[in-house]
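Overview (structure and organization)
Spelled out, the chains give:
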Amino acid sequence: MDIAEQSYSLTYTDWMLTETQFAPERLHSRETVFTIGNGYLGTRGSFEEGYPNAWAATFIHGVYDDVPIVYTELVNCPDWLPLTITINGDRFHMSEGEILHYERQLDLRRAVLIRSVRWRSPTGNTVDLTFERFASLADQHVLGLRCQVTSVDFEGVVEIQSSINGYPENQGFNHWELLNQGKTNRGVWLNVRTRTSRIELAIASSMTISEVTPSLQVANAPGYPTLGTSLTLSPGQTVTVENLVVIFTSREVEKPVETAQQKLAELSPYPILRDAHEQAWSNVWQQSDILIEGDTKAQLAVRYNLFQLLISAPYHDDRVSIPAKTLSGFGYRGHIFWDTEIFILPFFILTQPAIARNLLTYRYHTLDGARRKAAHYGYKGAMYAWESAGTGDEVTPRWALPNDPYGEDIRIWCRDQEIHITADITYASWYYWYTTGDDAWMRDYGAEIILDGAVFWMSRVEWNTKKERYEIREVIGADEYHEHVNNNAFTNRMAQWHLEKAIIVYDWLHDCYPEHAAALEEKLQLTSGRRSRWQDIANNLWIPFNSSTGLIEQFEGFFNLEDIDLESYEPRSKSMQTILGIEGANRRQVLKQPDVLMLLYLMRQSQEFPYSKEILEKNWDYYAPRTDITYGSSLGPAIHAILASDLNKTTEAYARFMQAALVDLEDTRNNAAEGIHGASAGGIWQAVVLGFGGVQLTSDGPVANPHLPPGWTRLKFKLHWHGTWHEFDFRAKDKKMATGFTRTGEVSVGEEVQESRQEPEFAAAPPEFAAAPSASPSFVPSLDIHGVIFDLDGVLTDTAEYHYQSWQRLANEEGLPFDRQANEALRGVSRRESLMKIIGDRAYTEAQIQEMMDRKNRYYLELIQQITPNDLLPGSLNLLQELRQEGMKVAIGSASKNARTVIEKLGIASLIDAIADGYSVQHPKPAPDLFLFAAQELGLQPRQCVVFEDATAGIEAALAGGMWAVGLGPSERVGKAHVILPSLAEIHWAELKHRLRLAATK
């Protein structure tokens, strides 16, 4: 639904962001807002014709260079946009003449930026101009620019020039030296090189003119190759200019100039390239989109932020990562922070795992830089840089200039003391492994990251002899208002968590890949003694937690600081540190961003110490009012939104969510000009999926306990877990309430009965998920049937053989006794219980058990790819078609976690109205929840439905739910059903209704 909502001259629809007025005072922030990109480069939304003091910029991943002595920064690359239009001698410019109409649109679905202008020149000629640009997602080295020029009321000469600007600056510094330039049969090219990092770049450009066939002239001013032409237009006549641009650097190819020229010569026409680009985006959105109904502004804001993450993500390069300001601005000079691992990566891990793998592998490639930093400070192992660039060496500036021109330079201590980033990287690495099951990555990359980080923590902690505990002193936690603190709870617990996981990885590597373990032991000087030391530190590292009050002290002595009432400072438009000064904030209990609450948020996922609902509630009540959530850090609002949602503080959760969602679109912090707030964008995805969607990751896959904001009538998204997609679709039953939802799940491959598990207890379960009371023995439903619910395996098809083959293959590999007779004992048994029955008394570690379950699932997934419509059991298709003709509603009620995949492969999706599968409810059969959920999806009462089942538990579930039951198979298994059939072969709906009527009279 596209219902427009307007704010700050921006109009929001589901997929389109439209700027309806040009405001020069918002020039730089809107350049950021209208950034486009493709994961290789990002181009700010500056105008093709230029504008005074514009911050035009194109940033390419990995192209860093040094400003001598001062800092390292991501380089502003040659500008591919310059396009000048001159009408009868008047050059088109937004700052001259008269703007009669203006509109700029960012089409998020197609990733195309369009600008339409009706301009009257100073001499009175009126022209319509439409600009369009895209950075191809189908081919990362290709860019496209189109301009349509239409004469409204004049006849005269139009001059058009397309250029490459080889003199881009990083706000006053030009990193490029000109090597060469020239022309080809197709266009012009430029070759430049960075001054200190010596990265070569080649850019080649062509120009074609449709509707007319003018000749093109080449002007080769040094560093500014240009293609130009002139033509005559009459009123109503349109001419279309199309520029195709190709960019390569020496990071990807040995000969950038030759590669760019050849690529340009081989390019397809503009429309074909744009179509390929749009198709590539369609594929990406299939995986990463979030659908929100009932709140257009939130819908566009969410998609916009996901778009900005997707255009900054390296699809094809594992030696780069996403900067804090993405590829959209000069802020933080293109440096990579913990923002990527903690805030951005969850989105990619669960929707684009290949990109997540690239981002984490960047940290592997920068291990040497982390080791150099550790050695510089006198520590061992890998100590990751707070701000990182190409090599992983520390690039955080040591000093910052004061706002007061007479003030002292400000020392930046983050480079020295904000050391939790090493554990943050391990946190992301662990959850990538946990979510994807990518053992190869953990073996080849992740283990070294985690283990050498553990070596660092071992050398960084200090033993307090008097108090007999390990401590970490002189740090900055997540809250940067407080420097030089001791025993910051966030830092200490994350270091402890890192060591705990390092021990697990160390043991896993020994058990599963002993050769790799031996190689890493030699490289990192690991020994069993060091492993023991890690355990000792983990056991004795102090966390400032008071079990009697439930409060976690942010750091040692925090509660002794002067308290503060932030409400007394309202209204304000500055951060509390600006108001109080650096030392003033340091002396008070005021936070730049969540610190203790951030720790609880990260531990929330695994429900590990010190997390519990009660501890969260007590610490929220203490720390949330003391957090500068409005003007402190942009990283805070999304996290507060999630935790407030967990605590059923719906109004506050939504307010913080929208605060994060609009931080760039509406420039709420007055710093959007510096670039997109990448961490906030990642936090928005987490707020929607993990907060409002209530998703938790369990060993069996994601489960959800949704609590949508008021007004949201639907929330839909997909998650990727261990190779399989899970689809979540929550709907509000009552638009005035946020507690009643239905949900469906396309979830991971597994057994036919879902393993029972504990779900989070933050919100009461929606009433439709409560189990219905068991039917009394004398219960006979009235014959008013409008819906049919089929179990899947053994009713419509038979996948039991695939389960058997998968277990048999695993058993053979492990040397475990197993045969078809043993397989019978696995009917209706969960995956873990099945494995336990197979391994018997054999001893395995938890990591090995998890690996074997995942391995069996992979085998099973491979096998079910073979399913075709021919695998439908006899009579199934005929009955489904009869039901459709009779106007009956049909659902699948299967405990299988891959029901949707099987249904699609069987070719019967068009005959199914609803699916309740192994994800949809918590309690498996014989609880009636699954069938009650299916009935609800059909919009029917339980007594209006008949269930087809082949298992005892399924029949019991149908009867407990007050439904009709048709049993397929021997009476000893399905004898409690109202009607018993050997199979669906030769069964017709009319005959079955007759048998049900007879059963009703007994």
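Look up: the structure comes first, before these words.
The text that follows walks through the structure, step by step, so that each part is easy to find. (Residues numbered from 1 in each chain as written. Predicted model: local features only at pLDDT ≥ 70, side-chain atom pairs only at ≥ 80, totals over all residues. Heavy atoms only, no water.)

**Describing the overall build of the chain**
- Helix and strand counts for the chain stand at 30 helices and 38 strands.
- At 31 Å, the chain has a C-alpha radius of gyration in line with the 30 Å of a compact globule built from 1002 residues.
- Seen through its principal axes, the chain has C-alpha atoms that stretch 95 × 85 × 60 Å.
- Counting the 1002 residues in the chain, one finds 62% classified as buried.
- Residue pairs in contact within the chain that sit at least 24 positions apart in sequence constitute 68% of those at least 6 positions apart.
- Accessible area of the chain: about 37000 Å², with a carbon and sulfur share of 48%.
- Distance between charge centres in the chain, computed from 91 positive and 130 negative side chains, equals 1 Å. (Helix = DSSP H or I, 4+ residues; strand = E, 2+ residues; numbered from the N terminus. Rg over C-alpha atoms; globule rule 2.2 N^0.38 Å. Buried < 20%, exposed > 50% of the residue type's maximum accessible area, 1.4 Å probe, protein only. Contact = heavy atoms within 4.5 Å. Areas by Shrake-Rupley, 256 points an atom, 1.4 Å probe, with all protein chains shown as cover. Lys, Arg positive; Asp, Glu negative; His and termini not counted. Charge placed at Lys NZ, Arg CZ, Asp CG, Glu CD.)

**Here's the deal with the packing of aromatic side chains**
- A complete count under the given rule lists 49 aromatic pairs for this structure.
- With centroids separated by 6.0 Å and ring planes inclined at 80°, the aromatic side chains of W338 and F490 adopt a geometry described as edge-to-face. With W338 in the loop between α4 (296-310) and α5 (339-351) and F490 in helix α11 (residues 489-512), this residue pair connects regions lying 152 residues apart in the sequence.
- Residue classification places W338 among the buried positions, given a relative accessible area of 2%.
- Arranged with centres 5.2 Å apart and planes meeting at 75°, the rings of F692 and W712 form a pair that is edge-to-face. Here F692 is found in helix α20 (residues 678-692), whereas its partner W712 is found in the loop between β29 (701-704) and β30 (714-721), with 20 residues between them in sequence. For the pair F692 and W712, one class covers both residues: buried. (Phe/Tyr/Trp six-rings, centres within 6.5 Å; stacked < 30°, edge-to-face > 60°.)

**A short note on α20**
- With 15 residues, α20 should reach 21 Å at 1.5 Å per residue; the first-to-last C-alpha distance of 20 Å fits that figure.
- Of all the bends in α20, the greatest measures close to 30° and is centred on Q686.
- For α20, the buried fraction is high: 15 of the 15 residues fall into the buried class.
- Following α20 by one or two positions, G694 adopts a phi angle in the positive range, close to 65°. (Expected span 1.5 Å × (residues − 1). Bend = angle between axes of the 7 residues up to and from the residue.)

**As for the environment of L551**
- In this structure, L551 sits in strand β27 (residues 551-552).
- Taking the C-alpha atoms as reference, L551 lies 8.2 Å from Y622; in sequence the two are 71 residues apart.
- In contact with L551, not counting residues within four places along its chain, are P544, F545, N546, F559, K618, N619 and Y622.

**Concerning the packing of α11 against helix α16 (residues 596-604)**
- Two elements in contact, α11 and α16, have axes whose closest approach is 9 Å; the angle formed by their N-to-C orientations is 25°. In terms of their interaxial angle, α11 and α16 are classed as roughly parallel. The hand of the α11/α16 crossing is left-handed. Residue-level contacts link A489, F490, R493, M494 and W497 of α11 to M598, L599, L602 and M603 of α16. (Axes fitted to C-alpha atoms, helices over the stretch in contact; angles between N-to-C directions. Parallel < 35°, antiparallel > 145°, perpendicular 65-115°, else oblique. Left-handed = near helix turned anticlockwise from the far one by under 90°.)

**Notes on the packing of helix α3 (residues 270-288) against α4**
- At a closest axis distance of 12 Å, the pairing of α3 and α4 adopts a crossing angle of 120°. When the axes of α3 and α4 are compared, the pair comes out oblique. Of the two elements, α3 crosses α4, and the hand of that crossing is right-handed. Contact residues: α3 offers W281, V284, W285 and S288, while α4 offers R303, L306, F307 and L310.
- Partitioning the contact of α3 with α4 into residue classes produces 6 nonpolar, 1 polar and 1 charged. (Nonpolar A, V, L, I, M, F, W, Y, C, P; charged D, E, K, R; others polar.)

**What about the sheet that holds strand β18 (residues 217-221)?**
- If you trace the 5 strands from one edge of the open sheet to the other, you get β9-β8-β14-β19-β18, paired in antiparallel fashion. Looking at the sheet topology across the chains shown, the edges are occupied by β9 (90-91) and β18.
- Examined bridge by bridge, β18 and strand β19 (residues 224-233) share 5 bridges and lie antiparallel to one another. Within the sheet, the bridge partner assigned to Q217 lies in β19 and is G228. (Pairing = 2+ DSSP bridges.)

**Side note on the side chain of R460**
- Within the fold, R460 resides in helix α10 (residues 439-460).
- With no salt bridge to any partner, buried R460 finds its closest opposite charge in E462, at an N-O distance of 4.3 Å.
- There is a polar contact of 2.8 Å between the side chain of R460 and the backbone oxygen of R473.
- With sequence-adjacent residues up to four places away left out, R460 is seen in contact with Y379, I419, I472, R473, E474 and V475. (Salt bridge = Lys/Arg side-chain N within 4 Å of Asp/Glu carboxyl O. Polar contact = N/O pair within 3.5 Å; in protein donor to acceptor, adjacent residues only side chain to side chain.)

**Considerations on the side chain of E49**
- Tracing the sequence through the fold places E49 in the loop between β5 (41-43) and β6 (58-67).
- Judged by relative accessible area, which is 4%, E49 ranks as buried.
- Polar side-chain contacts of E49 include one of 2.7 Å to the side chain of R115.
- Each residue touching E49, except ones within four places of it in the same chain, is listed here: L83, R91, F92, H93, M94, R115 and F131.

**Describing unusual backbone geometry**
- In the segment running from E570 into P571, the intervening peptide bond is cis, with an omega of -5°.
- For P571, the position within the fold is in the loop between β27 and α14 (576-580).
- Looking along the chain, the bond that leaves F609 and enters P610 is cis, with omega of 5°.
- Tracing the backbone through its elements, the reader meets P610 in the loop between α16 and α17 (613-623).
- Positive phi, normally seen in glycine, also occurs at T326, with a value near 55°.
- Looking at where T326 falls in the secondary structure, it is placed in the loop between α4 and α5.
- Phi is positive for E986, close to 65°, though the residue is something other than glycine.

**Comments concerning helix α18 (residues 636-646)**
- Among the 11 residues of α18, 11 are classified as buried, and the element is accordingly described as predominantly covered.
- The complete set of buried residues in α18 reads G636, P637, A638, I639, H640, A641, I642, L643, A644, S645 and D646.
- As for α18, its buried residues are in contact with α5, α16, α17, α19 (650-661) and α20.
- At the C-terminal side of α18, N648 shows a positive phi close to 60°.

**Here's the deal with the nonpolar core**
- By size, the foremost hydrophobic cluster in this structure holds 209 residues, and its most contacted members are L17, I85, I290, W338, F348, W534 and F657.
- Among the elements that take part in this core, α11 stands out by supplying 12 residues, more than any other.
- Once residues within four sequence positions are removed from consideration, F657 is found in contact with A298, V302, A641, I684, A687, V688, F692 and W712. (Core = buried A, V, L, I, M, F, W, Y, C linked by side-chain atoms within 4.5 Å.)

**Considering the pattern of salt bridges**
- Taken as a whole and judged by the stated rule, the model has 58 salt bridges.
- A salt bridge links R714 to E293, with the shortest nitrogen-to-oxygen separation between them at 3.5 Å. Placement of R714 in strand β30 and of E293 in strand β21 (residues 290-293) is noted, with a sequence separation of 421 residues between them.
- Ionic pairing is found between R604 and D646, a salt bridge with its closest N-O pair at 2.5 Å. Note that R604 is positioned in helix α16 and D646 in helix α18, a separation of 42 residues in sequence.
- The buried category is assigned to R604, whose relative accessible area is 3%.
- On the basis of relative accessible area, D646 is assigned to the buried category, the value being 2%.
- One continuous salt-bridge network, built from bridges that share partners, spans R809, E813, E814, E851, R855 and E862.

**A few points about the sheet that holds β5**
- In spatial order, the strands read β4-β5-β6-β7; together these 4 strands make up an open sheet with antiparallel pairing. The sheet is open, and its two edges are formed by β4 (36-37) and β7 (71-76), each paired on a single side.
- Of the pairings in the sheet, the one linking β5 to β6 comprises 3 bridges and is antiparallel in character. Its bridge partner lying in β6, G42 is registered against F59.

**Notes on the pairing of β6**
- A large share of β6 lies buried, amounting to 9 of its 10 residues.
- Here β6 runs beside β7; their pairing, made up of 5 bridges, is antiparallel. Within the sheet, the bridge partner assigned to V67 lies in β7 and is Y71.
- Connecting β6 to the next strand, β7, in antiparallel fashion are 3 residues, including I69 with a positive phi near 75°.

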